[in-house]
Amino acid sequence: VDFSVTVDVSRPTPSDLGEAPLKVAVAAMISPRETAAAYRELLDYLGRKLQKEVQLVQRRTYGEINELLGVGHIDIAFICSGPYAAGKDRHGLQLVATPEVNGNHFYQSYLIVNASSSFRTLDDLRHRTFAFTDPDSNTGRLVPLHWLRALGEQPDTFFEQVVYTYSHDNSIMAVARGLVDAAAVDSLIWEYYARTTPSLTALTKVIRKSDPYGIPPVVASSFVPADTREKIRGALLSMHEDPVGHKILRELMIDRFIEPRDEWYNSIRKLRADFDLSPTVSHVFAEP
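Below is a short write-up of the structure.

What counts and what doesn't
- Residues numbered from 1 in each chain as written.
- Predicted model: local features only at pLDDT ≥ 70, side-chain atom pairs only at ≥ 80, totals over all residues.
- Heavy atoms only, no water.
- Core = buried A, V, L, I, M, F, W, Y, C linked by side-chain atoms within 4.5 Å.
- Buried < 20%, exposed > 50% of the residue type's maximum accessible area, 1.4 Å probe, protein only.
- Helix = DSSP H or I, 4+ residues; strand = E, 2+ residues; numbered from the N terminus.
- Contact = heavy atoms within 4.5 Å.
- Salt bridge = Lys/Arg side-chain N within 4 Å of Asp/Glu carboxyl O.
- Axes fitted to C-alpha atoms, helices over the stretch in contact; angles between N-to-C directions.
- Parallel < 35°, antiparallel > 145°, perpendicular 65-115°, else oblique.
- Phe/Tyr/Trp six-rings, centres within 6.5 Å; stacked < 30°, edge-to-face > 60°.
- Lys NZ or Arg CZ within 6 Å of the ring centre and 35° of its normal.
- Left-handed = near helix turned anticlockwise from the far one by under 90°.
- Nonpolar A, V, L, I, M, F, W, Y, C, P; charged D, E, K, R; others polar.
- Pairing = 2+ DSSP bridges.

## Things to note about the nonpolar core
Alright, step 1. The biggest cluster of nonpolar side chains holds 90 residues, and the ones touching the most others in it are L42, F78, L125 and F257.
Alright, step 2. Among the elements that take part in this core, helix α1 (residues 32–50) stands out by supplying seven residues, more than any other.
Alright, step 3. Those residues within four positions of F257 in sequence are excluded, and the remaining contacts are L42, F78, A97, T98, P99, V218, L236, L237, M239 and L249.

The structure is reproduced here in C-alpha coordinates:
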(Lines give C-alpha, C1' and ligand atoms only; values in the text may rest on other atoms or scores of the structure.)
Protein backbone atom coordinates (compact mmCIF):
# COMPACT_ATOMS: atom_id res chain seq x y z
CA VAL A 1 0.00 0.00 0.00
CA ASP A 2 1.45 3.34 -1.05
CA PHE A 3 0.48 5.96 1.53
CA SER A 4 2.69 8.69 0.09
CA VAL A 5 0.17 10.06 -2.41
CA THR A 6 -3.55 10.66 -2.76
CA VAL A 7 -4.98 8.36 -5.40
CA ASP A 8 -7.28 9.86 -8.04
CA VAL A 9 -9.60 7.19 -9.34
CA SER A 10 -12.19 6.94 -12.08
CA ARG A 11 -15.68 5.57 -11.56
CA PRO A 12 -15.72 1.77 -11.65
CA THR A 13 -18.43 -0.38 -13.10
CA PRO A 14 -19.72 -3.52 -11.37
CA SER A 15 -18.03 -5.70 -14.00
CA ASP A 16 -14.51 -4.44 -13.32
CA LEU A 17 -14.61 -4.29 -9.51
CA GLY A 18 -13.40 -7.87 -9.21
CA GLU A 19 -9.97 -7.16 -10.69
CA ALA A 20 -9.59 -3.51 -9.69
CA PRO A 21 -7.62 -2.51 -6.60
CA LEU A 22 -9.66 -2.11 -3.45
CA LYS A 23 -9.91 1.65 -2.90
CA VAL A 24 -10.13 2.46 0.80
CA ALA A 25 -10.62 5.81 2.52
CA VAL A 26 -9.95 6.67 6.14
CA ALA A 27 -11.93 9.81 6.95
CA ALA A 28 -10.05 12.63 8.66
CA MET A 29 -10.75 11.65 12.26
CA ILE A 30 -7.01 12.20 12.66
CA SER A 31 -4.73 13.96 10.22
CA PRO A 32 -3.71 12.25 6.94
CA ARG A 33 -0.15 11.81 8.21
CA GLU A 34 -1.31 10.07 11.37
CA THR A 35 -3.94 8.14 9.46
CA ALA A 36 -1.28 6.65 7.21
CA ALA A 37 0.84 5.59 10.17
CA ALA A 38 -2.01 4.14 12.21
CA TYR A 39 -3.82 2.28 9.45
CA ARG A 40 -0.95 1.11 7.25
CA GLU A 41 -0.73 -2.32 8.86
CA LEU A 42 -4.50 -2.77 8.97
CA LEU A 43 -4.92 -2.07 5.26
CA ASP A 44 -1.92 -4.24 4.37
CA TYR A 45 -3.49 -7.03 6.41
CA LEU A 46 -6.84 -6.61 4.66
CA GLY A 47 -5.16 -6.71 1.27
CA ARG A 48 -3.38 -9.95 2.11
CA LYS A 49 -6.57 -11.58 3.35
CA LEU A 50 -8.52 -10.54 0.25
CA GLN A 51 -5.58 -11.15 -2.09
CA LYS A 52 -6.15 -7.73 -3.59
CA GLU A 53 -4.10 -4.58 -4.05
CA VAL A 54 -5.28 -1.89 -1.64
CA GLN A 55 -5.07 1.81 -2.48
CA LEU A 56 -5.64 4.56 0.09
CA VAL A 57 -7.79 7.45 -1.11
CA GLN A 58 -7.67 10.54 1.10
CA ARG A 59 -9.75 13.68 1.02
CA ARG A 60 -9.89 16.61 3.41
CA THR A 61 -13.55 16.54 4.45
CA TYR A 62 -16.08 13.95 5.50
CA GLY A 63 -18.47 15.23 2.83
CA GLU A 64 -15.98 14.49 0.05
CA ILE A 65 -15.57 10.91 1.26
CA ASN A 66 -19.35 10.39 1.29
CA GLU A 67 -19.68 11.80 -2.22
CA LEU A 68 -16.96 9.49 -3.57
CA LEU A 69 -18.56 6.47 -1.90
CA GLY A 70 -21.88 7.44 -3.42
CA VAL A 71 -20.57 7.41 -7.00
CA GLY A 72 -18.34 4.36 -6.59
CA HIS A 73 -14.97 6.14 -6.61
CA ILE A 74 -14.22 4.56 -3.21
CA ASP A 75 -15.03 0.95 -2.31
CA ILE A 76 -14.89 1.00 1.48
CA ALA A 77 -14.21 3.65 4.10
CA PHE A 78 -13.62 4.10 7.79
CA ILE A 79 -15.92 7.06 8.37
CA CYS A 80 -17.24 9.20 11.20
CA SER A 81 -20.63 8.40 12.71
CA GLY A 82 -22.15 11.75 11.72
CA PRO A 83 -21.48 11.32 7.99
CA TYR A 84 -22.82 7.76 8.15
CA ALA A 85 -26.02 8.84 9.87
CA ALA A 86 -26.46 11.65 7.35
CA GLY A 87 -25.32 9.77 4.24
CA LYS A 88 -26.71 6.26 4.54
CA ASP A 89 -29.74 6.88 2.35
CA ARG A 90 -28.43 9.76 0.23
CA HIS A 91 -25.23 7.96 -0.78
CA GLY A 92 -26.33 4.35 -0.38
CA LEU A 93 -23.76 3.56 2.32
CA GLN A 94 -23.63 -0.09 3.35
CA LEU A 95 -22.58 -1.00 6.90
CA VAL A 96 -19.72 -3.51 6.95
CA ALA A 97 -18.28 -3.61 10.48
CA THR A 98 -17.94 -1.56 13.64
CA PRO A 99 -14.91 -1.36 15.95
CA GLU A 100 -15.34 -2.42 19.54
CA VAL A 101 -13.15 -0.43 21.94
CA ASN A 102 -12.81 -1.33 25.61
CA GLY A 103 -15.73 -3.71 25.24
CA ASN A 104 -17.98 -0.96 23.91
CA HIS A 105 -19.37 0.03 20.51
CA PHE A 106 -20.17 3.59 21.57
CA TYR A 107 -18.03 6.73 21.89
CA GLN A 108 -18.40 10.29 23.15
CA SER A 109 -17.58 13.91 22.46
CA TYR A 110 -15.04 15.45 24.83
CA LEU A 111 -15.06 19.19 25.47
CA ILE A 112 -11.41 20.06 26.05
CA VAL A 113 -9.57 23.18 27.19
CA ASN A 114 -5.96 23.99 27.91
CA ALA A 115 -4.79 22.33 31.12
CA SER A 116 -3.52 25.64 32.50
CA SER A 117 -6.83 27.44 31.96
CA SER A 118 -9.48 28.12 34.60
CA PHE A 119 -12.38 27.03 32.35
CA ARG A 120 -14.66 24.49 33.98
CA THR A 121 -17.92 24.66 32.03
CA LEU A 122 -19.13 25.47 28.55
CA ASP A 123 -20.58 28.73 29.84
CA ASP A 124 -17.05 29.79 30.86
CA LEU A 125 -16.14 29.78 27.16
CA ARG A 126 -18.41 32.68 26.27
CA HIS A 127 -16.56 35.17 24.00
CA ARG A 128 -13.65 32.73 23.61
CA THR A 129 -12.22 30.97 20.54
CA PHE A 130 -13.50 27.51 19.69
CA ALA A 131 -12.44 24.78 17.24
CA PHE A 132 -14.86 22.53 15.41
CA THR A 133 -13.39 19.66 13.42
CA ASP A 134 -15.54 19.13 10.32
CA PRO A 135 -18.95 20.58 9.38
CA ASP A 136 -20.36 17.03 9.28
CA SER A 137 -18.67 15.74 12.44
CA ASN A 138 -20.88 14.35 15.19
CA THR A 139 -18.49 14.73 18.14
CA GLY A 140 -16.60 17.66 16.63
CA ARG A 141 -19.57 19.87 15.71
CA LEU A 142 -23.06 18.43 16.13
CA VAL A 143 -22.73 17.64 19.84
CA PRO A 144 -21.36 21.08 20.83
CA LEU A 145 -24.15 22.68 18.77
CA HIS A 146 -26.58 20.67 20.86
CA TRP A 147 -24.89 21.85 24.08
CA LEU A 148 -25.08 25.46 22.94
CA ARG A 149 -28.75 25.15 22.05
CA ALA A 150 -29.45 24.01 25.63
CA LEU A 151 -28.00 27.38 26.70
CA GLY A 152 -30.13 29.20 24.13
CA GLU A 153 -27.01 30.11 22.17
CA GLN A 154 -25.50 29.84 18.68
CA PRO A 155 -21.77 29.55 17.86
CA ASP A 156 -21.51 32.87 16.02
CA THR A 157 -22.94 34.82 18.95
CA PHE A 158 -21.60 32.77 21.86
CA PHE A 159 -17.96 32.46 20.76
CA GLU A 160 -15.62 35.27 19.81
CA GLN A 161 -14.29 33.18 16.94
CA VAL A 162 -14.96 29.74 15.45
CA VAL A 163 -12.43 27.81 13.36
CA TYR A 164 -12.40 24.45 11.59
CA THR A 165 -9.38 22.16 11.95
CA TYR A 166 -10.59 19.21 9.82
CA SER A 167 -9.12 16.60 12.14
CA HIS A 168 -9.45 15.76 15.81
CA ASP A 169 -5.71 15.66 16.39
CA ASN A 170 -5.41 19.16 14.93
CA SER A 171 -8.06 20.30 17.40
CA ILE A 172 -6.23 18.68 20.31
CA MET A 173 -2.97 20.32 19.23
CA ALA A 174 -4.67 23.71 18.79
CA VAL A 175 -5.96 23.58 22.38
CA ALA A 176 -2.67 22.24 23.76
CA ARG A 177 -0.69 25.03 22.07
CA GLY A 178 -3.11 27.77 23.08
CA LEU A 179 -4.18 28.54 19.49
CA VAL A 180 -7.83 28.22 20.57
CA ASP A 181 -9.43 28.21 23.99
CA ALA A 182 -11.45 25.04 23.53
CA ALA A 183 -12.56 22.30 21.15
CA ALA A 184 -14.90 19.34 20.96
CA VAL A 185 -13.14 16.12 19.96
CA ASP A 186 -13.74 12.42 19.42
CA SER A 187 -13.16 10.56 22.70
CA LEU A 188 -11.51 7.68 20.82
CA ILE A 189 -8.89 10.00 19.34
CA TRP A 190 -8.22 11.80 22.62
CA GLU A 191 -7.84 8.46 24.44
CA TYR A 192 -5.60 7.15 21.64
CA TYR A 193 -3.24 10.10 22.08
CA ALA A 194 -3.49 9.85 25.86
CA ARG A 195 -1.92 6.42 25.47
CA THR A 196 0.50 7.03 22.61
CA THR A 197 1.43 10.69 23.17
CA PRO A 198 0.51 11.53 26.77
CA SER A 199 2.67 14.65 26.69
CA LEU A 200 0.16 16.12 24.23
CA THR A 201 -3.08 15.33 26.06
CA ALA A 202 -1.47 16.35 29.37
CA LEU A 203 -1.59 19.91 28.02
CA THR A 204 -5.38 19.64 27.79
CA LYS A 205 -8.16 18.73 30.18
CA VAL A 206 -11.64 17.31 29.58
CA ILE A 207 -14.36 19.46 31.17
CA ARG A 208 -17.42 17.74 29.70
CA LYS A 209 -18.36 14.42 28.14
CA SER A 210 -21.38 13.78 25.95
CA ASP A 211 -23.90 10.97 25.95
CA PRO A 212 -22.65 7.85 24.13
CA TYR A 213 -23.20 7.51 20.36
CA GLY A 214 -22.64 4.69 17.88
CA ILE A 215 -18.95 4.31 17.17
CA PRO A 216 -17.58 5.31 13.71
CA PRO A 217 -18.24 2.39 11.34
CA VAL A 218 -16.64 0.80 8.30
CA VAL A 219 -18.92 1.20 5.28
CA ALA A 220 -18.96 0.08 1.64
CA SER A 221 -20.14 1.74 -1.51
CA SER A 222 -23.30 0.33 -3.07
CA PHE A 223 -21.14 -0.34 -6.17
CA VAL A 224 -19.25 -3.07 -4.31
CA PRO A 225 -20.83 -6.48 -5.03
CA ALA A 226 -22.46 -8.22 -2.08
CA ASP A 227 -20.01 -11.13 -2.15
CA THR A 228 -17.05 -8.75 -2.01
CA ARG A 229 -18.64 -6.90 0.92
CA GLU A 230 -19.06 -10.18 2.74
CA LYS A 231 -15.39 -11.11 2.19
CA ILE A 232 -14.33 -7.74 3.59
CA ARG A 233 -16.70 -8.14 6.54
CA GLY A 234 -15.44 -11.66 7.22
CA ALA A 235 -11.80 -10.54 7.17
CA LEU A 236 -12.52 -7.74 9.65
CA LEU A 237 -14.77 -9.74 11.98
CA SER A 238 -12.21 -12.54 12.30
CA MET A 239 -9.19 -10.26 12.59
CA HIS A 240 -8.93 -10.51 16.38
CA GLU A 241 -8.64 -14.32 16.12
CA ASP A 242 -5.50 -14.07 13.98
CA PRO A 243 -2.25 -13.39 15.93
CA VAL A 244 -1.08 -10.86 13.35
CA GLY A 245 -4.50 -9.22 13.16
CA HIS A 246 -4.82 -9.16 16.93
CA LYS A 247 -1.49 -7.32 17.24
CA ILE A 248 -2.57 -4.70 14.69
CA LEU A 249 -5.87 -4.14 16.48
CA ARG A 250 -4.14 -3.81 19.84
CA GLU A 251 -1.88 -1.09 18.43
CA LEU A 252 -4.97 0.77 17.22
CA MET A 253 -6.70 0.33 20.61
CA ILE A 254 -9.45 -1.74 18.96
CA ASP A 255 -10.61 -4.94 20.69
CA ARG A 256 -12.17 -6.38 17.54
CA PHE A 257 -14.61 -5.61 14.76
CA ILE A 258 -18.24 -6.61 15.30
CA GLU A 259 -21.47 -6.77 13.27
CA PRO A 260 -22.92 -3.25 13.13
CA ARG A 261 -26.54 -2.23 13.63
CA ASP A 262 -28.00 0.82 11.92
CA GLU A 263 -30.17 1.73 14.92
CA TRP A 264 -27.03 2.57 16.93
CA TYR A 265 -26.90 5.79 14.88
CA ASN A 266 -30.53 6.90 15.33
CA SER A 267 -29.66 9.24 18.21
CA ILE A 268 -27.29 11.11 15.86
CA ARG A 269 -30.03 11.39 13.23
CA LYS A 270 -32.33 12.90 15.84
CA LEU A 271 -29.70 15.51 16.68
CA ARG A 272 -29.06 16.32 13.02
CA ALA A 273 -32.78 16.84 12.39
CA ASP A 274 -32.72 19.81 14.79
CA PHE A 275 -29.92 21.74 13.10
CA ASP A 276 -28.93 23.50 9.93
CA LEU A 277 -25.40 22.16 9.62
CA SER A 278 -24.10 24.55 6.97
CA PRO A 279 -20.58 25.65 8.00
CA THR A 280 -19.75 29.13 9.23
CA VAL A 281 -16.01 29.04 8.70
CA SER A 282 -13.92 31.88 10.08
CA HIS A 283 -10.43 30.46 9.68
CA VAL A 284 -9.11 27.00 8.89
CA PHE A 285 -5.99 25.65 10.56
CA ALA A 286 -3.52 23.92 8.27
CA GLU A 287 -2.12 20.60 9.36
CA PRO A 288 0.44 21.04 12.13
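## Examining the pattern of salt bridges
Alright, step 1. In the structure shown here, the tally under the stated rule is eleven salt bridges.
Alright, step 2. Its salt-bridge partner being K88, residue D89 comes within 3.5 Å of it at the nearest N-O pair.
Alright, step 3. Looking at K88, the relative accessible area reads 27%, which means it is partly exposed.
Alright, step 4. Its salt-bridge partner being R261, residue E263 comes within 2.8 Å of it at the nearest N-O pair.
Alright, step 5. Classification of R261 by relative accessible area gives partly exposed; the value is 46%.
Alright, step 6. One network of salt bridges, with partners in common, ties together D123, R126 and E153.

## Notes on the packing of helix α3 (residues 81–91) against helix α11 (residues 266–273)
Alright, step 1. Direction vectors running N to C along α3 and α11 enclose 75°, while the axes themselves pass 9 Å from each other. One finds that α3 runs roughly perpendicular with respect to α11. Here α3 contributes S81, G82, Y84, A85, A86 and K88 to the contact with α11, which in turn contributes I268, R269 and R272.

## Regarding the packing of aromatic side chains
Alright, step 1. Tallied over the entire structure, the rule returns eleven aromatic pairs.
Alright, step 2. Both rings, one in F130 and one in F132, keep their centres 5.3 Å apart while their planes meet at 70°; by these two values the pair is edge-to-face. Taken as a pair, F130 and F132 share a single burial class, namely buried.
Alright, step 3. Counting every residue linked through ring pairs, the aromatic cluster contains F130, F132, F158, F159, Y164 and Y166.
Alright, step 4. For R141, the ring lying beneath its charged end belongs to F132, and the centroid distance is 5.8 Å.

## Structural notes on the packing of helix α6 (residues 168–176) against helix α7 (residues 187–196)
Alright, step 1. At a minimum axis separation of 9 Å, α6 and α7 run at an interaxial angle of 65°. Helix-helix and strand crossings are classified by hand; for α6 and α7 the assignment is right-handed. Where α6 abuts α7, its residues H168, D169 and I172 lie against I189, W190 and Y193.
Alright, step 2. Residues of the contact of α6 with α7, tallied by class, amount to four nonpolar, one polar and one charged.

## Examining the pairing of strand β4 (residues 94–100)
Alright, step 1. Burial analysis of β4 places six of its seven residues in the buried class, which makes it a mostly covered element.
Alright, step 2. Of the strand pairs in this sheet, β4 and strand β12 (residues 218–220) are connected by three bridges, and their pairing is antiparallel. Bridge pairing in β12 places A97 opposite V218.
Alright, step 3. Here β4 runs beside strand β13 (residues 256–258); their pairing, made up of three bridges, is antiparallel. Bridge pairing in β13 places T98 opposite I258.

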